[in-house]
Amino acid sequence: MTIAAPVKVDSTGPNTDGYRSFRLGEFKFRRDEYFVYVEWPTGKHVMSADSFLKALQRDVAWQFFYGIVNFDGVVGTVNHYGTVDLFAGRYNDVYRKAELDHLENFSTPMIKATFDEMLDDWTNAGFDPFASPTETGSAFGIKHGDNRAAITRHRVTASRMVSVPGDEPLRNDENGHPVNRHFLDVAQDEPEKHPEPGFDGEISSFNLYAYLSRSQVTWNPSVVSVCGDSLYCPTTEEYILPIIHGNDRVEWFIQLSDELIWQVEDRDSGAALAKVTMRSGDVAAMPADIRHQGYAPKRAMLLVWENADPALPALISSGQLPSVPVEI
Amino acid sequence: MKTYTTNFGSLADFTKGSIDIIDDDPKRYVFSNIFEVASTSRPYEKVAVGKNRQYVVEAIRAEGTSEWRTAPHDEFALVMDGEVEIRLQKLGPDDTAATAERGSNALKGAPSGAMMGRVVARRGHMTLLPVGAAYQFHADKPSVILLQTQDGPDTVHKWADIIQTVA
Ligand SMILES: [Fe+2]
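Residues numbered from 1 in each chain as written. Chains lettered and ligands numbered in written order. Predicted model: local features only at pLDDT ≥ 70, side-chain atom pairs only at ≥ 80, totals over all residues. Heavy atoms only, no water.

Visitor: Please explain the overall build of chain A as it appears in this structure.
Guide: Counting secondary structure elements, chain A contains six helices and 19 strands. Whereas a compact globule of 328 residues would reach a radius of gyration of roughly 20 Å, chain A reaches 21 Å, a difference of no more than 12%. With the principal axes as the frame, chain A shows a C-alpha extent of 65 × 50 × 45 Å. The long-range fraction of contacts in chain A, counting pairs at least 24 apart against all pairs at least 6 apart in sequence, stands at 61%. Surface accessibility of chain A: about 12800 Å² in total, with carbon and sulfur atoms responsible for 54%. If you average the places of the 29 positive and of the 47 negative side-chain charges in chain A, the two averages end up 5 Å apart. (Helix = DSSP H or I, 4+ residues; strand = E, 2+ residues; numbered from the N terminus. Rg over C-alpha atoms; globule rule 2.2 N^0.38 Å. Contact = heavy atoms within 4.5 Å. Areas by Shrake-Rupley, 256 points an atom, 1.4 Å probe, with all protein chains shown as cover. Lys, Arg positive; Asp, Glu negative; His and termini not counted. Charge placed at Lys NZ, Arg CZ, Asp CG, Glu CD.)

This is the structure:
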């Protein structure tokens, strides 16, 4: 076992708008009132600070997630589960053909520490990158305060099932989870449990829909039940998924309520492949060679179903397993 | 103020979405609808609607009383429509234990271990079916369960019948 050296984040003091600038290898990041600027040896890019922070928030909170987190069509990260690639133009056909793309690999602690500090410094008071647009203030302006409580929220990861004794607790008004304005009609009844004497703690059942109606965040899949490597990761969705997720394994969507529209593109080139409209009860697989971004006109409950088996990315990229879950 | 209506769908009332293809094969998305599948299933038929290697999610039409089943791992039953009573009982020494490497198998009759209890679960309620126990479902009216489990001896794979195959 090796002990990791303490991570030193490479950053400058505040600029005239009050924001620090950051470096990761040959990548440079800075922000001003409205925008984030990314530079690398062969190119530069600009994003809205609002979009950038929403993407950065998820990348950090999800520990770089499964596969590729595209902040937009140009910049993003690839998780290698121990190290992370930071890239610009790598999954964009035009940048690739022009040979303007750039990719560097970092240890996970290095990029995580840098992204953590960037998110902390660039998130102003009143702006919650996890909230829907109508439930938060603005990301813009010269630096004013911070929002540490919002950006360091606890991420739910049940080890067996939410509500099982000792596992992730239920949500209620008292613990800071009021019912969301779009879910006021969702029944809050709990299942009727009738344990026999001596089996009180062994009968576990909870209202998942009520639990989701009390989610304070959007587009944040969180584990509620675990069967081996099979993880149920439901989430509530409103407006647009702030990242474009590139798969390194098959992922499944089960629409529990309302409607989502998915734009599906080729993972490596960005070429458009399909639009998937999902309504309550619909089930769809996202193949391992695509990327997808979701749109939700009303806050909706989506069950994201993952297989966390760490062997999958190598089995799929080497061709030992297909990109699709079922061959018909 | 606008009031919002949350649409969960049901056996009696669901509106399936669709895949609009630009340049792909719709079969790759294995697109189905749980209520549509359950509306044509036999009671307690375990129809896979999702599969990721050894893991499956099954759409189950709950209607009447099921057989007793057990599995060598936890399973999770989410009621998506109707009301289902879930009865839990420990296996006794003479009962058939879990026989498959994964997924559930039926018992011959009722188990003989201690009664653990029962749950009355309605729409949105998720219940742990714990390893080491047997379970039985009962529904007075047709209901729908989504089961998180593994691909077992009674999992039904009829993909070509349930998924969207043309653009
Ligand atoms: Fe995804």
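Having seen the structure, we can now continue with the description.
Visitor: When you look at the coordination of the iron ion in this model, what are you seeing that I'm missing?
Guide: Where a metal carries four tetrahedral donors, each ideal angle is 109.5 degrees; where it carries six octahedral donors, the ideal angles are 90 or 180 degrees. All names here are of chain A. Every protein donor of the iron ion is listed here as His-245 (ND1), Glu-251 (OE) and His-292 (NE2), and their distances to the metal cover 2.1 to 2.2 Å. In terms of primary sequence, the donors binding the iron ion are separated according to H-x5-E-x40-H. Neither residue differs from the other here; His-245 and Glu-251 are each classed as buried. (Donors = N, O, S within 2.8 Å, 3.2 Å for Na, K, Ca; no water. Buried < 20%, exposed > 50% of the residue type's maximum accessible area, 1.4 Å probe, protein only.)

Visitor: I keep staring at the sheet that holds strand S3 (residues 27-31) of chain A and nothing clicks. Help me out?
Guide: Adjacent strands of a sheet form backbone hydrogen bonds with each other and so pair up, either parallel or antiparallel. Residue and element names in this part refer to chain A. Across the sheet, which stays open at both edges, the five strands sit in the order S1-S2-S3-S4-S5 with antiparallel pairing between neighbours. Both edges of this open sheet fall to strand S1 (10-11) and strand S5 (43-48), since each of them pairs with a single strand only. The pairing of strand S2 (residues 22-24) with S3 spans three bridges and is classified as antiparallel. Looking across to S3, one finds that Phe-22 is bridged to Phe-29. Each of S3, strand S4 (35-40) and S5 touches helix H1 (residues 49-61); the most contacted strand, S5, lies at about 95° to it. Helix H3 (residues 108-122) contacts S2, S3 and S4 of the sheet and is inclined by roughly 160° relative to S2. (Pairing = 2+ DSSP bridges. Axes fitted to C-alpha atoms, helices over the stretch in contact; angles between N-to-C directions.)

Visitor: Looking at this model, I keep getting lost on the confidence of the model for chain B. Mind explaining?
Guide: Detailed reading of the predicted coordinates is not advisable wherever pLDDT is low. The share of residues in chain B with pLDDT of 70 or more is 100%, and the mean pLDDT across the chain is 96. On the interface metric, ipTM, the complex scores 0.98, and its pTM is 0.97. (pLDDT = per-residue confidence, 0-100.)

Visitor: I tried to follow the side chain of Ser-215 of chain A on my own but got confused; where do I start?
Guide: All names here are of chain A. Of note, Ser-215 is situated in the loop between helix H5 (208-213) and strand S12 (225-227). Here Val-217 takes part through its backbone oxygen, which lies 3.1 Å from a polar atom of the side chain of Ser-215. At 3.4 Å, the side chain of Ser-215 and the side chain of Thr-236 are in polar contact. In contact with Ser-215, not counting residues within four places along its chain, are Arg-171, Asn-180, Thr-236 and Arg-299. (Polar contact = N/O pair within 3.5 Å; in protein donor to acceptor, adjacent residues only side chain to side chain.)

Visitor: Would you mind going over the pairing of strand S11 (residues 133-150) of chain B with me for this structure?
Guide: Moving residue by residue along a regular strand, the side chains alternate between the two faces of the sheet. Residues and elements named next belong to chain B. Most of S11 is tucked away, with 15 of its 18 residues classed as buried. Across two bridges, strand S5 (residues 69-70) lies against S11 in antiparallel orientation. Note that in S11 the partner of Thr-70 across the bridge is Ala-134. Pairing between strand S6 (residues 75-81) and S11: five bridges, direction antiparallel. Considered in S11, the bridge of Ala-77 is made with Leu-147. Examined bridge by bridge, strand S7 (residues 83-90) and S11 share six bridges and lie antiparallel to one another. Within S11, the residue paired with Gln-89 across the bridge is Ala-134.

Visitor: Sorry if this is basic, but what is going on with a nonpolar patch on the surface here?
Guide: A cluster of nonpolar side chains, namely Tyr-34, Phe-35 and Val-46 of chain A, defines an oily patch on the protein surface of about 290 Å² accessible area. Tracing the chain through its elements places Phe-35 of chain A in strand S4. (Patch = residues over 30% accessible without salt bridge, like charges linked within 9 Å, V, L, I, M, F, W, Y side chains within 5 Å. Salt bridge = Lys/Arg side-chain N within 4 Å of Asp/Glu carboxyl O.)

Visitor: Looking at this structure, I do not really get the interface of chain A and chain B. What am I missing?
Guide: One widely used convention gives an interface's size as the accessible area the parts lose upon coming together. Across the boundary between the two partners, chain A contributes 71 residues, which contact 65 residues of chain B. A per-residue breakdown of the area chain A buries against chain B is headed by Tyr-209, Cys-227 and Ile-328 of chain A, which together make up 11% of the total. Where chain A meets chain B, there are five salt bridges. Lys-90 of chain B is paired through a salt bridge with Glu-202 of chain A; the nearest N and O atoms lie 3.4 Å apart. (Buried area = accessible area lost by both parts, 1.4 Å probe.)

Visitor: Honestly, the domain arrangement of chain A in this entry has me stumped. Any pointers?
Guide: Residue and element names in this part refer to chain A. Its domain assignment divides chain A into domain 1 (10-151) and domain 2 (168-191 + 205-215 + 218-317). One C-alpha centre belongs to domain 1, the other to domain 2, and the line joining them spans 23 Å. Residue-level contacts link 24 residues of domain 1 with 26 residues of domain 2. Surface buried jointly by domain 1 and domain 2 totals about 2000 Å² across both partners, of which 53% is contributed by carbon and sulfur atoms. Taken together, domain 1 and domain 2 are joined by two salt bridges. Glu-135 serves as the salt-bridge partner of Arg-299, at 3.3 Å between the closest nitrogen and oxygen. Taken together, the connections running from domain 1 to domain 2 amount to 17 residue pairs in polar contact (both at pLDDT 80 or more). (Domains from an automatic or database assignment.)

Visitor: What should I look at first to understand H3 of chain A in this one?
Guide: The end-to-end C-alpha distance of H3 of chain A, which contains 15 residues, comes to 21 Å, matching closely the 21 Å that a straight helix rising 1.5 Å per residue would cover. Taken together, the buried positions of H3 of chain A are Thr-108, Ile-111, Lys-112, Thr-114, Phe-115, Met-118, Leu-119, Asp-121 and Trp-122 of chain A. (Expected span 1.5 Å × (residues − 1).)

Visitor: Got a minute to help me understand unusual backbone geometry in this structure?
Guide: Keep in mind that most residues, glycine aside, have a negative phi and that most peptide bonds are trans. All names here are of chain A. The backbone phi angle of Phe-64 is positive, close to 75°, even though this residue is not glycine. Inspection of the secondary structure assignment puts Phe-64 in the loop between H1 and strand S6 (68-70). For Phe-64, a relative accessible area of 0% gives the class buried. The backbone phi angle of Ser-163 is positive, close to 85°, even though this residue is not glycine. You can see Ser-163 is positioned in the loop between helix H4 (148-151) and strand S10 (192-195). Using a relative accessible area of 22% as the deciding quantity, one classes Ser-163 as partly exposed.

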